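Secondary and tertiary structure notes
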Amino acid sequence: MKDCMNCIDNTVVLLGSTGSIGTQAVDVCRSLGIRVKAIAAERNIDLLERQARELSPELIAVRDDNAAREMKARMADTPTRVLSGEDGVIEVAETPCDTVVNAVSGMAGLKPTLAAVRLGRRLALANKESLVAAGERVMATARETGADIIPVDSEHSAIFQCLQGNIDGGNGNNIKSLILTASGGPFYGKTREQLKSVTPEMAKRHPNWSMGAKISVDCATMMNKGLELIEASRLFGIPRERIRVLIHRQSIVHSAVELEDGAVIAQLGVPDMRLPIQYALTYPKRLPGRAASLDLAAVGILSFEEPDMDAFPCLKLAYEAAARGDEACRALCEADERAVNAFLAGEIGFLDIYDYIKAEIG
Ligand code: NDP
Ligand code: MG
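Residues numbered from 1 in each chain as written. Chains lettered and ligands numbered in written order. Predicted model: local features only at pLDDT ≥ 70, side-chain atom pairs only at ≥ 80, totals over all residues. Heavy atoms only, no water.

1. Some remarks on the site of ligand 1
By nearness alone, 25 residues border ligand 1, and Thr18, Arg43, Asn44, Glu129 and Gly212 come closest of all. With respect to ligand 1, the side chain of Thr18 contributes an N or O atom lying 2.6 Å from an oxygen atom. Within the backbone of Gly212, an N or O atom sits 2.8 Å from an oxygen atom of ligand 1. Expressed as a share of its isolated accessible area of 900 Å², the protein-covered part of ligand 1 is 87%. Where the shell around ligand 1 is concerned, the elements lending two or more residues are helix H1 (20-32) and helix H6 (128-145). Grouping the amino acids of the shell around ligand 1 by side-chain chemistry returns 10 nonpolar, 9 polar and 6 charged. (Near = heavy atom within 4 Å. Polar contact = N/O pair within 3.5 Å; in protein donor to acceptor, adjacent residues only side chain to side chain. Areas by Shrake-Rupley, 256 points an atom, 1.4 Å probe, with all protein chains shown as cover. Helix = DSSP H or I, 4+ residues; strand = E, 2+ residues; numbered from the N terminus. Nonpolar A, V, L, I, M, F, W, Y, C, P; charged D, E, K, R; others polar.)

Here it is, written out as structure tokens:
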């Protein structure tokens, strides 16, 4: 693995630069002096233009063709090349650099992940859908090409951090179990009856994290934890029976690993995605960061409990898909994305999300 000896000299390309993770990744690059060589987004060209004028990337890709045309006109006074469509986004993913950051939301992130991994690039991966929909393929390709995949998702970053110095021979054999923590989302403690009237606005308001619309709704249904269970299983090569989901309301313990001797190693910190983003960019180095210090006395109590599978049955669907393999996980991921989009568009209710996915995946 390439050692990040001097992060000032590092270069990244950033897919999904205008999103929640993308803008925080720009923040981290700014504070570490990391050069951003290329950026890509779907259609938010106002923000993309502001980023381009600050970062002076060589290349920009805008997935939406009309927005790309407009962006090209706006950038005409600069040497930056502007590409359009999915091919443009892939070209950004293939741009030579030290680290590709994939912060695209949803299934659209899969092709850029595969493009980067095929070239053996180091991939800082926020897009969990890549590993849920095609985890076995992505990990097999990474093994072939030697691409390193460093997780950005906070739970997986936590596990990755806990494993440093604790793995024999890198094969994960001395891991007894993984403990994946979940905040419980905005509707913790509610019954299915109470969840009937949930609106998109209510579902998008997470108590501890500020995130994009898709992942926020996934947190509200707890499908997010289901997707993360599959993500962890693929990334760390641990079967789902050895991954336990626990509700931890404070979002301070970001996840933990139980080793074969019984030691449980956890990673703690304030909920701030800039920490896992930065670690993915500086790994294996630690550099000063912008996240606030954790004051455990102020937090006081750290609580853990079993998830309520009756109120949040999407988690059960993910457990079942994980047992059935890549194809079932891909179907789950696609059905979830369609259901969440329909819910956000006001076409189906909150509880219909589960029914829709269940009907789709059989
Ligand atoms: P956002 O919705 O905030 O941002 C998504 C980004 O992807 C935007 O830049 C969007 O562009 C871009 N995008 C969407 N579709 C395409 C496409 N087809 N081609 C190129 N770019 C595209 O999402 P988040 O930042 O919240 O999440 C990103 C990923 O990270 C998700 O997979 C999520 O699960 C994961 N993640 C997020 C966390 C968080 O705290 N937000 C935590 C852990 C994981 P535009 O703005 O133009 O629409
Ligand atoms: Mg997460």
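2. What to know about the coordination of the magnesium ion (ligand 2)
Around the magnesium ion (ligand 2), the protein supplies Asp153 (OD), Glu155 (OE) and Glu228 (OE) as donor atoms, at distances of 2.1 to 2.2 Å. Read N to C, the donor residues that coordinate the magnesium ion (ligand 2) are spaced as D-x1-E-x72-E. With a gap of 75 residues between them, Asp153 in the loop between strand E7 (149-151) and helix H7 (154-163) and Glu228 in helix H11 (residues 223-236) connect regions that are remote in the sequence. For the residue pair Asp153 and Glu228, the accessibility class agrees, reading buried in each case. (Donors = N, O, S within 2.8 Å, 3.2 Å for Na, K, Ca; no water. Buried < 20%, exposed > 50% of the residue type's maximum accessible area, 1.4 Å probe, protein only.)

3. Side note on a nonpolar patch on the surface
A cluster of nonpolar side chains, contributed by Leu268, Leu296, Leu302 and Phe304, occupies part of the molecular surface with about 320 Å² of accessible area. On the secondary structure map, Phe304 appears in the loop between helix H13 (296-299) and helix H14 (314-324). (Patch = residues over 30% accessible without salt bridge, like charges linked within 9 Å, V, L, I, M, F, W, Y side chains within 5 Å. Salt bridge = Lys/Arg side-chain N within 4 Å of Asp/Glu carboxyl O.)

4. A word on the packing of helix H2 (residues 45-55) against helix H3 (residues 65-74)
Taken N-terminus to C-terminus, the directions of H2 and H3 make an angle of 35 degrees; their axes are 10 Å apart at the nearest point. Seen from above, H2 lies across H3 with right-handed handedness. The residues of H3 that touch H2, namely those facing Ile45, Asp46, Leu48, Glu49, Ala52 and Arg53, are Ala67, Glu70, Met71 and Arg74. When its residues are assigned to classes, the contact of H2 with H3 shows 5 nonpolar, no polar and 5 charged. (Axes fitted to C-alpha atoms, helices over the stretch in contact; angles between N-to-C directions. Left-handed = near helix turned anticlockwise from the far one by under 90°. Contact = heavy atoms within 4.5 Å.)

5. Structural notes on the confidence of the model for the protein
On average, the protein scores 95 in pLDDT, and the residues at 70 or more come to 96%. Within the model, pLDDT remains below 50 along residues 1-8, and this stretch shows 21 contacts once partners closer than five positions in the same chain are excluded. (pLDDT = per-residue confidence, 0-100.)

6. Points about the nonpolar core
Nonpolar side chains in soluble globular proteins tend to be buried together. Counting 118 residues, the largest nonpolar core has Leu332 and Phe350 as its most contacted members. Of all the elements, helix H15 (residues 326-344) adds the most residues to this core, at 8 residues. With residues near it in sequence (within four places) discarded, Leu332 still touches Met223, Leu227, Ile230, Leu317, Ala318, Ala321, Ile357 and Ile361. (Core = buried A, V, L, I, M, F, W, Y, C linked by side-chain atoms within 4.5 Å.)

7. Structural notes on H11
Under the 1.5 Å per step criterion, the end-to-end length of H11 is 20 Å for 14 residues, consistent within 8% with the ideal 20 Å. Of all the 14 residues making up H11, 14 are buried; the element is thus mostly covered by neighbouring parts of the structure. Looking one or two places after H11, you find Gly237, whose phi comes out positive at around 65 degrees. (Expected span 1.5 Å × (residues − 1).)

8. Observations concerning the side chain of Glu49
For Glu49, the position within the fold is in helix H2. The class of Glu49 is buried, set by a relative accessible area of 18%. When residues no more than four places from it in sequence are discounted, the contact partners of Glu49 are Met71, Arg74 and Met75.

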